[in-house]
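# Residue-level structure breakdown
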Amino acid sequence: MNIRRVFCTAVLLVCSLHLAAKTTFEIPSWTKPFPPFRIAGNLYYVGSEDLASYLIVTPKGDILINSSLESSVPLIKKSVETLGFKFSDIKILLISHGHYDHCAGSAALLKLTGAKYYVMDADVSVVESGAKTDFQYGNHPEMQFPPTHVDRILHDGSTVSLGGTVLTARLTAGHTRGTTTWTLNETEGTRTLRVVIVGSPNVNPGYKLVGNKSYPRIAQDYKHGFAVLNSLPCDIFLGAHGGYFGLAAKYPKWKAGDKNAFIDPAGYKAYIADRERAFQAELARQQAAKP
Ligand SMILES: [Zn+2]
């Protein structure tokens, strides 16, 4: 089943329950361990079956993208150590966006590693308030997480450099105000491979694209985000959830010896086109329904 749809349904269910107490929702594929492996160059997968985390290993220390849930932190640690690396070598923590399934574990992870936390400007308030300032989920305790101090505020186009590796933060907002798509280059033999880690192009259930008082620019931001995503050259297609890029289908090919299994420029284009159509359809539906 499509993970995104499962997540959307889950969020809808959680939101419709109006739970008084904090009972963060987790679906099984989010917490199911997944074998860690090297994607290309110094880039490794250290996430669960669906919550993607990436480790970039450099001679000056390591970068981690996405701390995921609070319960993900020991799983990520185990994956890093299984690969033969030290958890305490993580010097910089980055995220795809400020939703609990990608950043609830940040406070614990930063405490364990001593890493610094770099977050896109427009998601800083959400991260530092534990989602209390989230435009959609600010009043939903079940979507909140431990407030976490940000050490460096990123902007669209900011670069993060460590030990010879450079990542670029691209603002692809809408899903959250600061949703970030990460790009970097990896060298594999004589080839340079352009990596895109998609932040999230999805419109969650209940998102108001028309007349949204708490996020008036939301539709404009999604449109800008799709323009950016359509412009990015991509060889290796990755994202915040394994479901975006077909991790479950590609990993067995990789394990069977196809080390190019994650090189998928056509899959990237098709995914972004599909998500843009879904956004446009939802926008049209809401515009037609407007009184
Ligand atoms: Zn999200």
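Residues numbered from 1 in each chain as written. Predicted model: local features only at pLDDT ≥ 70, side-chain atom pairs only at ≥ 80, totals over all residues. Heavy atoms only, no water.

Before going further, it helps to examine the sheet that holds strand β4 (residues 61-65). Across the sheet, seven strands lie side by side as β1-β2-β3-β4-β5-β6-β7; this open sheet has mixed pairing. Here the strands that pair on one side only, and so sit at the sheet edges, are β1 (37-40) and β7 (152-154). Within this sheet the neighbouring strands show an average axis-to-axis angle of 25°, counted without direction. Pairing of strand β6 (residues 116-120) with β7, which is carried by three bridges, proceeds in the parallel orientation. Bridge pairing in β7 places Tyr-118 opposite Arg-152. Across the sheet, helix α6 (residues 121-129) is in contact with β6 and β7; its angle to β6 comes to roughly 125°. (Pairing = 2+ DSSP bridges. Helix = DSSP H or I, 4+ residues; strand = E, 2+ residues; numbered from the N terminus. Axes fitted to C-alpha atoms, helices over the stretch in contact; angles between N-to-C directions. Contact = heavy atoms within 4.5 Å.)

This part is about the coordination of the zinc ion. Each protein donor to the zinc ion is listed here as His-97 (NE2), His-99 (ND1) and His-175 (NE2); together their distances run 2.1 to 2.2 Å. Sequence spacing of the donor residues for the zinc ion, all on one chain, is H-x1-H-x75-H. There is no split in this pair, since His-97 and His-99 are both buried. (Donors = N, O, S within 2.8 Å, 3.2 Å for Na, K, Ca; no water. Buried < 20%, exposed > 50% of the residue type's maximum accessible area, 1.4 Å probe, protein only.)

Right, let's talk about the nonpolar core for a bit. Tyr-54, Leu-238 and Phe-262 are the most contacted members of the largest nonpolar core, which has 90 residues in total. For this core, the leading source of residues is helix α7 (residues 218-231), giving six residues. Those residues in contact with Leu-238, other than ones at most four positions away along the chain, are Ile-39, Leu-43, Tyr-54, Val-195, Val-196, Ile-197, Val-198, Phe-245 and Phe-262. (Core = buried A, V, L, I, M, F, W, Y, C linked by side-chain atoms within 4.5 Å.)

Once that is clear, we can look at the pairing of strand β10 (residues 180-188). Where strand β9 (residues 165-171) and β10 come together, four bridges link them in antiparallel fashion. Across the sheet, the residue bridging to Ala-169 is Trp-182, located in β10.

Moving on to the packing of aromatic side chains. Aromatic ring pairs are defined here through the distance separating the ring centres and the angle between the ring planes. In this structure the tally under the stated criterion is 20 aromatic pairs. On the basis of an interplanar angle of 65° and a centroid distance of 5.0 Å, the ring pair of Phe-34 and Tyr-251 is categorised as edge-to-face. Taken together, the residues Phe-34 in the loop between α2 (28-31) and β1 and Tyr-251 in helix α9 (residues 247-255) connect sequence positions 217 residues apart. For the residue pair Phe-34 and Tyr-251, the accessibility class agrees, reading buried in each case. (Phe/Tyr/Trp six-rings, centres within 6.5 Å; stacked < 30°, edge-to-face > 60°.)

For α7, spanning 14 residues, the distance from its first C-alpha to its last is 20 Å, which sits close to the expected 20 Å at 1.5 Å a residue. Three or more residues of α7 are buried, namely Ile-218, Ala-219, Asp-221, Tyr-222, Gly-225, Phe-226, Val-228 and Leu-229. Where the residues of α7 are buried, they touch β9, β10, β11 (191-198) and α10 (265-289). (Expected span 1.5 Å × (residues − 1).)

With that settled, consider the confidence of the model for the protein chain. Confidence in the prediction for the protein chain averages 92 pLDDT; 91% of positions are at 70 or higher. Below a pLDDT of 50 lies the segment residues 1-22, which in the model reaches 29 contacts outside its immediate sequence neighbourhood of four places, other chains included. (pLDDT = per-residue confidence, 0-100.)

With that out of the way, let us pick up the pattern of salt bridges. Within the structure shown, the criterion is met by nine salt bridges. Residues Asp-274 and Arg-275 are paired through a salt bridge, measuring 2.8 Å at the closest nitrogen-oxygen approach. For Asp-274, a relative accessible area of 33% corresponds to the partly exposed category. (Salt bridge = Lys/Arg side-chain N within 4 Å of Asp/Glu carboxyl O.)

With respect to the element layout, Asn-66 can be found in the loop between β4 and α3 (72-82). By relative accessible area, which is 0% here, Asn-66 ends up buried. Within the structure, the side chain of Asn-66 is placed 2.8 Å from the backbone nitrogen of Ser-96, a separation counted as a polar contact. Discounting residues that sit within four places of it in the chain, Asn-66 has contacts with Ala-52, Ser-53, Ile-76, Leu-93, Leu-94, Ile-95, Ser-96, His-102 and Ala-240. (Polar contact = N/O pair within 3.5 Å; in protein donor to acceptor, adjacent residues only side chain to side chain.)

Side-chain direction in a regular strand flips from residue to residue, so the side chains alternate between the two faces of the sheet. Counting buried positions over the five residues of β6 gives four, a clear majority of the element. As paired elements, strand β5 (residues 90-94) and β6 share two bridges and run parallel to each other. Counterpart to Ile-92 in the pairing with β6 is Lys-116. Taken together, β6, α6 and β7 constitute a β-α-β crossover, and its handedness is right-handed. (Right-handed = clockwise from strand over helix to strand, strands pointing away.)

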